[in-house]
Number of protein chains: 2
Amino acid sequence: MSLMASWAQKKTANWIQYVNPLIGTEKMGHTYPGATVPFGAVQLSPDTDTIPYAVNGKYNPDVYKYCAGYQYTDPTIVGFSHTHFSGTGHSDLGDFLIMPTVGNLQLNPGTAAAPETGYRSRFSHQTEVAEPNYYKVKLEDDNILAELTTTTRVGFHQYTFPKTDQAHIILDLMHGIYNYDDKNAWTYLRIENDTLVTGYRQTIGWARTRTVYFAMTFSKPFVSYGNNDFSAKQPYRGFWGRFDQRHNFPEIAGKQLRAYFNFKTEEGEAIKVKFALSPVSTANALENLRREIPNWNFNQVKQQGQDLWNMELGKVDVKLADKGDMINFYTALYHSFLSPTVYMDVNGDYKGLDQNRHQAKGFTNYTTFSLWDTYRALHPLFNIVQPKRNRDMIQSMLAHQEQSAEHMLPIWSHYANENWCMSGYHSVSVIADAAIKGNVGYDLSKALDACVQTARTNYFDALGEYRRLGYVPEDKRRGISVSTTLEFAYDDWCIAQLAKKLKRNDIYDEFIKRSANWRNVYDSSIGYMRPKLSDGSFRKEFDVLSTNNQGFIEGNAWNFSLYVPHDPKGLINAMGGNERFIPHLDSLFTMHLPDQFFEETEDITRDGIIGNYVHGNEPSHHVAYLYNFTNQPWKTQERVRMILKKQYRPAPDGLGGNDDCGQMSAWYIFSSMGFYPVTPGSDQYQLGSPAVSQATIKLENGKTFSIQAINQSEKNVYVEKVLLNGKPLNRTYLTHTDLMNGGSLVFYMSPSPVTLAKVK
Amino acid sequence: MSLMASWAQKKTANWIQYVNPLIGTEKMGHTYPGATVPFGAVQLSPDTDTIPYAVNGKYNPDVYKYCAGYQYTDPTIVGFSHTHFSGTGHSDLGDFLIMPTVGNLQLNPGTAAAPETGYRSRFSHQTEVAEPNYYKVKLEDDNILAELTTTTRVGFHQYTFPKTDQAHIILDLMHGIYNYDDKNAWTYLRIENDTLVTGYRQTIGWARTRTVYFAMTFSKPFVSYGNNDFSAKQPYRGFWGRFDQRHNFPEIAGKQLRAYFNFKTEEGEAIKVKFALSPVSTANALENLRREIPNWNFNQVKQQGQDLWNMELGKVDVKLADKGDMINFYTALYHSFLSPTVYMDVNGDYKGLDQNRHQAKGFTNYTTFSLWDTYRALHPLFNIVQPKRNRDMIQSMLAHQEQSAEHMLPIWSHYANENWCMSGYHSVSVIADAAIKGNVGYDLSKALDACVQTARTNYFDALGEYRRLGYVPEDKRRGISVSTTLEFAYDDWCIAQLAKKLKRNDIYDEFIKRSANWRNVYDSSIGYMRPKLSDGSFRKEFDVLSTNNQGFIEGNAWNFSLYVPHDPKGLINAMGGNERFIPHLDSLFTMHLPDQFFEETEDITRDGIIGNYVHGNEPSHHVAYLYNFTNQPWKTQERVRMILKKQYRPAPDGLGGNDDCGQMSAWYIFSSMGFYPVTPGSDQYQLGSPAVSQATIKLENGKTFSIQAINQSEKNVYVEKVLLNGKPLNRTYLTHTDLMNGGSLVFYMSPSPVTLAKVK
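Remember, predicted model here, so these are calculated numbers, not experimental data.

Topic: the UniProt feature "domain: Glycosyl hydrolase family 92 N-terminal" (unreviewed entry) in chain A
Summarizing the sequence annotation, UniProt attributes the feature "domain: Glycosyl hydrolase family 92 N-terminal" (unreviewed entry) to residues 18-278 of chain A in the numbering used throughout. Annotated as 0% helix and 42% strand, the span residues 18-278 of chain A places its first and last C-alpha atoms 32 Å apart.

Looking at the interface of chain A and chain B
On the side of chain B, 50 residues touch chain A, which itself brings 50 residues to the contact. A buried area of about 4800 Å², summed over both sides, lies between chain A and chain B, and 51% of it is on carbon and sulfur atoms. Taken as a group, A:R208, A:Y236 and A:R242 account for 18% of the area that chain A buries against chain B, more than any other trio of residues on that side. Along the contact surface separating chain A from chain B lie 4 salt bridges. The salt bridge involving B:R242 is made with A:D461; its shortest N-O contact spans 3.3 Å. Counting the contacts that link chain A with chain B gives 21 residue pairs in polar contact (both at pLDDT 80 or more). In terms of residues, the side of chain A that touches chain B owes the most to one element, strand β13 (residues 184-193) of chain A, which gives 4 residues.

A closer look at empty space enclosed by the protein
All names here are of chain B. What the largest cavity holds in volume is close to 140 Å³. In this structure, the largest cavity is lined by 16 residues; those nearest its centre are A41, L277, P279, V342 and Y343. Elements with a contribution of two residues or more to the lining of the largest cavity: β19 (269-278) and β21 (341-342). Taken together, the residues of the lining of the largest cavity sort by class into 8 nonpolar, 6 polar and 2 charged. Split by domain, the residues of the lining of the largest cavity number at least three in each of domain 1 (1-19 + 315-344 + 583-760) and domain 2 (31-299).

Here's the deal with the relation of the copies chain A and chain B
Mapping chain A onto chain B calls for a rotation angle of 180 degrees and an axial translation of 0.0 Å; the resulting RMSD is 0.0 Å. Here the two chains are linked by the operation of a two-fold rotation axis. Rotation axis and chain A: the residue whose C-alpha lies nearest the axis is A:A185, separated from it by 2.9 Å. When the interface residues of chain A are mapped onto chain B, 100% of them again lie at the interface, so the same face is used by both copies.

The rules we used
- Residues numbered from 1 in each chain as written.
- Chains lettered and ligands numbered in written order.
- Predicted model: local features only at pLDDT ≥ 70, side-chain atom pairs only at ≥ 80, totals over all residues.
- Heavy atoms only, no water.
- UniProt positions renumbered as here; feature names shortened; annotations may be inferred.
- Helix = DSSP H or I, 4+ residues; strand = E, 2+ residues; numbered from the N terminus.
- Contact = heavy atoms within 4.5 Å.
- Buried area = accessible area lost by both parts, 1.4 Å probe.
- Salt bridge = Lys/Arg side-chain N within 4 Å of Asp/Glu carboxyl O.
- Polar contact = N/O pair within 3.5 Å; in protein donor to acceptor, adjacent residues only side chain to side chain.
- 1 Å grid on protein atoms, 1.4 Å probe; cavity = no way out; pocket = protein on both sides within 12 Å on 5 of 7 lines; lining within 4 Å.
- Points joined across faces, edges and corners; volume = space filled by probe spheres on them.
- Nonpolar A, V, L, I, M, F, W, Y, C, P; charged D, E, K, R; others polar.
- Domains from an automatic or database assignment.
- Least-squares fit on C-alpha atoms with pLDDT ≥ 70 in both.

So this is what it looks like as C-alpha cells:
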C-alpha cells in the first residue's frame, strides 16, 4: 500500500506511458512484449510459435525469427513462458509455458494454420495491451482473458474464464525457444498439494547444461490433474509401472512432459497463478514466491512493478517535440534496463559456473551477458544511470571468472553457463570503462588479474598465435581472423588503461603493445583490413564488400576496417589522413549495395542498412562519430540525426536490427542526447547532434546534468556552438567527470554546417 | 597414529582374519569383493564385465549375474568403480570406473574374450587378496599392481606401475551396472589443476534420477590429459566447437564420456588416487576428500578401516569348532554391516527425496533400504548389535516419508530415489520392531502417523481395494495379489503393535482388524492361500507349485501360504492343527520338484532349495521355525542346523541365493546363535539349535549376553534343555528384554529329539 501511496503522489511522473514493449517484436528486433520488472529474472511473455531448432538434424533458419518467442505478424499465441532474452541474435530459454484452455483437453500446441488442432489460440492486436510489467490479451478460441505481471523472480498470471466444467491450465515442460527433440535432459514435477506444484527443467542447448527450478501456486484448488509423456523412447520404468502416473499421481519425471490442471469456473471467474523461479532449488523457488508475493493482489503487484519502472525511467527526463520520438526514447531506455538479469534467490543463493551453490556476499548476482554487443554503449550508459548495478554486474563477472573451469571472464554467459558466443573478451572493456570512470566498489587489482589471465588463455580463439605473431592468422581462425585481431587489440588497450590506473607498468607495457596489433592486419596497399596468413602474407582472394568468409565476423571489410575504437586518429592517418579518409567514409553512407550482399549477410536486413553502413549490427555503432576525429565533425552531426530517424521508429518493426540486450537502444539514448562513448575505457564521450530539445539526467550521486538544444528542429541538425556550464566547450567531446559533476550542456543548433573548434 | 596404536594393543582381537569378501561372488550371491568400511558410502570394487541391461530394447538376462559388478569365474577385470550394492537381485550404480593402463591408450573396455582389444586386463585369483577394506590384484596384461582401500566417503587407489612413458589412468563415465545407452542423462568433468578433477554423473535408471558428485585427486601431477565423447548423437555444440575439447581442455560435458590422464613412471612407482563422493555437490565432495583423508598414507587408511571392522565384528565373539564355520559366521556379520549405507556429507548435507539439499540434524542419514528383504532379520539384528545406527536408519526413513511426493515411507529406496521394488510397506515393521524393543530416539507418534499415512495410500498397489475388500483382488494386481495381501496383513499388525504402545486405540482397532486379512485369501477347501477375484470367488486355474503368475511374488503357494508371521498359531489351526500341519510342513522339506519349477522361478536356483523349501529367497526365512508353534519344536532344531550347513559355505559360490543387503547373512547370524526373530514387531525370538559352541554379544548398553552350547557337535543338533541365567526356560522363545538385561543362555545339546516344554 505504501508503494501505491507514494505512486499516487508522483502520478505526474508517468514515464511508462511512453513505453511500447511491442517495438522490435516484428522482423529483426527480437524483443518480447511481455511483463517484467527492471533487470528481472522472470520475463513472462507470450510465445506465438514453436519452431524446432533443427529439422532432420539440419538447422531451421525460421527459428531465428523466434529468438524472443514472439513475432508480431503471427495470428496465434501458443502460451506464456517465463524466460526470454531481449533482442538476441541466437537463443535459448522459453521455460515453463502456461496456457489456459476450456473444453476438451488438448495437450499438443497445434499449428498456427489450424489452432483448433491444439491448445494454442487465435488472438488480435485489438485486444492486446503491452505495458512495462503488464501484458493483456484475449485468447479468442476459448474466450479467456489473459493478464500477466511479475516481480523480480515471480510471474503472476490472471486468467478470466467463462463458465465451464472444463477449465484447464496447461504446464508444458517440452516447450522452449531454440528447441529440439533432446533439448530436455530431464524434467521433474511434484504436486505438493491441490494448489502447489514444484519441479525443474534441465536443458542441453546454448547454455550447455541449464537447470531452472520452479514453484507454482494456484489461487484456487484444482479438482484433478494429470500429464502425458511424449518421449519417443521411454526411460527405464521398473516398478513405477505399477502406478497410473498420468492421472492424479503426485510425482512425474521424464524428458517430454506436458501437465494439466482441471478446474470448474463461473462466468468471469479469474484463476490466478504465481510461478516463481530459482537457479538453485525448488525450496528456494518456494521461498522466492512467498517472500516476493505474499498475497493474491494482481493489481498491486502490477502497480509495484510499474512504479519501479517509473523510478528507473525517470532517471532521464527528456523533452522531444514529436510524441513518436518520446516513445522511441523511453522504449529504448526500457529495453536498456532489461538485461543483464538478476540471477540470485531472495536469500542470496545463486548457481556458479562450477555448478555449485554460492552466496552473493555484498552484491546482486547477474547473468545474461551479451558482451560482444553491450560493452559498446549499454554498460557505459549504466556507468551514468545505473552505476550501482554496473558494479554488481562486474562483481558477477569476476565471480564467473573465479568459478569457471577456464578461469576466463565471461564472453557471452547465461544461467551459470558460458556459451562462448562471438569474439573478443569484452568483459575487460566493461571493467576498464567502469574503473577509468571511477565507478569502483570491488578489488580492482584482482579484476586486473582476471583480465590478464583471460587475455593470456592461449587455447582460446587462437590467442596463442595472436600473442606470438601479433595477429590472428587466417589459417587458424578461418573467416574471422581480422575482426578477432581488431577486437583483441581494442580489448588489450582497455587492459592497458586499467594497468596504468593501478600503476602495474609491466602489464601496461605488455598490453599497450598488443593494442597496436590492428596495424598488423591493415593492408595499406588497398586501404583495408585484410586476412593475413601465418606466414605473414595477406590472403590473396579477398572481397571488401562480401561478409562471407572474408575475415570478419558478421560484417565486411568496408565496415569492419573502421574498427579501431581506441585509436581513431591512428586509423585515419593510416588510411591517408582526412583528405582520403573523409570521402571514403562519405561513400560508406551513400554507396549502393548489390542484392547479393543481403543474401550473404547474417543478422542484417535492408532495414538495418544505410548505403553500405550497417547500423543493424554492432561493429559499426561508433562509425558515424569518426568524423569527429577529422576536420568535418558536422558530418557526424548530420549522420547521427539521419540514423536516429531511419533506424528507430515507434512501431513493431521499428528496429533495424536485433536490439541485442539493449545495445541498439543504448546507442539511441546516447545519440539522441548528443554524445556517445566511442571508446569505452576512456572517459570521453564524442559529441554528436542532440535530437532532444531538453534532457535532465538524475545521477545516483544526487547531482543532475542537463542538456539543452537551442533552436532545436528537424532541419537544425548542425551544432553551432556548445556551452558547458555556461562556458564555450572547445572540444568535440564531453568527459565523464563533466557529467558526474552535474551541470548543464547547451547546444546551439543550426540549419547549416559549422566547423567546431579543431580537434587536438 | 592413535588408531594404529590402539590397534597394536588389541592385536589379539583380529576378527577380519575370518572374513572372506569373495564369499557370494560366484553365481547368485551378488556380493562384491572390494574395499569398504562398515556402512560406507563408497564401495570400491572391481567390475569383471560390462553387460548391457538391454539388447535391442529387450532385457538381457545375463546382466543379472552382474548386480554387484563381479563374477568370480570371469577372467578379466574392466576396472574399479566406486558404488556397489551388496547382494541385490536388481541393480544400478557402478559409478566412476577407474582403470590404470600402460602402452597405447585404449578408451574402450574391450571384451572378456579378447581383453587386449580394450583397457581391461586379465587377472588371476592367485594374485587376488580380498579383506575388509582392502583389495589387491595384479593386472596381468599391463603388469600393474592395483590396491584399493576406503574411508566412509572416499575411495583410495594405489597403482604400482612398471617403468614407462605411457602410463594412463582412465576415468570411464559411461561404465555402469545395469547400464544402457541413454542411462546417462548428463556427465560433467572439470580439471581444476594438474592433480585435481571434479564432476558429476547423472543417471536415469532404477533410481529414476540419480546424481553423484565427485572430487578426484592424484598423488602426482599428470603430464597431459584428454577424453573422448562416444555419444552416437552429439548435443548442440555452438561456439564450443571452436575448442579442441579432447585434449588438455579443462571442462568436459556430455552423455558418453571417457577421460584419461597420462603419466611417466619409474619401475615400481606407485600413483595414488583419492576419489571422494557426495550426494550434493562437487564442493562437498572436495570437503569430504580433504577431511577424511588429509594425507597420502595408503596403509594408514587401510589400517583405520580394518580397525573399524574389528570393532564392529568384535561385537559378537563366537567359537565354532570348524574354521570354515568361523569364516561363514564373520563373513555373514561383515555382509550384515554393509547396508544401508551412509548418504550424507561430512558437513551433514544430504539430498532429500524432494531433490533439495537438507541438513541431517541429530542423526546420520542412510540410504539403500532393501526393505522387502531386510525387515525380516537384518534390522532386528541391528536392534541388538547396532541399535544407534538402526535409530538413525529409522530417522532417515522418516525424513524420506516427509520429503517424498507420495509421503510414503520407503519401499526400496536408494540415492534420494524411491524405486518401489517388491511389495508391502515393510518400513512399518522396522519401526514397530525397534519401538516394541524400546530402541527409540525419535518422535514415535510422528513415526506412527507416517506408518498410517503410508498404509492408507489408496493408489499404491491396490491398497484402495485391499482396504475396501479386505484383500488385494487378483484382477487388480495380477500374479501377486495373494503375497501382497499377506504382506499388507503382517505390516498392518506391526502398525497395530505400535499404536497399542502409544495407546492410539482407534488406529489399533483399524489395523489389528486389517492384520486378519490373511484369512480372506486362505482357501480351506484346498489348504492353501489362493488368488481371489473382486467378486469374492477364488481364481479357478491355480497351481500350488508353480511360481509363475499364481498370485505370489517370487514364490509359490506351497512356500508363501506359510507366511503369516504375526499369527503362526492361527495359521496352523486354519490348516487343520498340528496333525495336518506338521506332515504338510515335513513334506515341504522332503518333496522332489520337477525341473519346470526352476525354469520358471525368478531369483532361485537349485542351490537355494531344499526339497521345495526355498531358502535362497526371503519369504521362507521364518518357515523352519514354525515347528516351534507345534508340539514338535525339535524339527525346527533339525531343519535349522541342516539349512546352516547346506546353504552357507565358505566359498565364492557358498551362498544359495542373493545376500540381499545382508538378510541372508543375518539369518545365519541369528540361527547359528540359536534364535531367530520370526515376528519382527514382537519382542520374541524363537529358539532353534545353536551351531556355535559359545557366543558373547557385547551390547551398546555395556552389558553382555552369552550363549553356550553344552555337548555341541555335528550330531548333537537337538536341544535337551535351555537355562536362562541358570534357570530352566520353559518356553521356545527368548525375549528382547532377556537379551538386553545381559546374562547367559545355555543350551544342552543332544543327539536325539527332545520335546521341550509345550508352547503356551
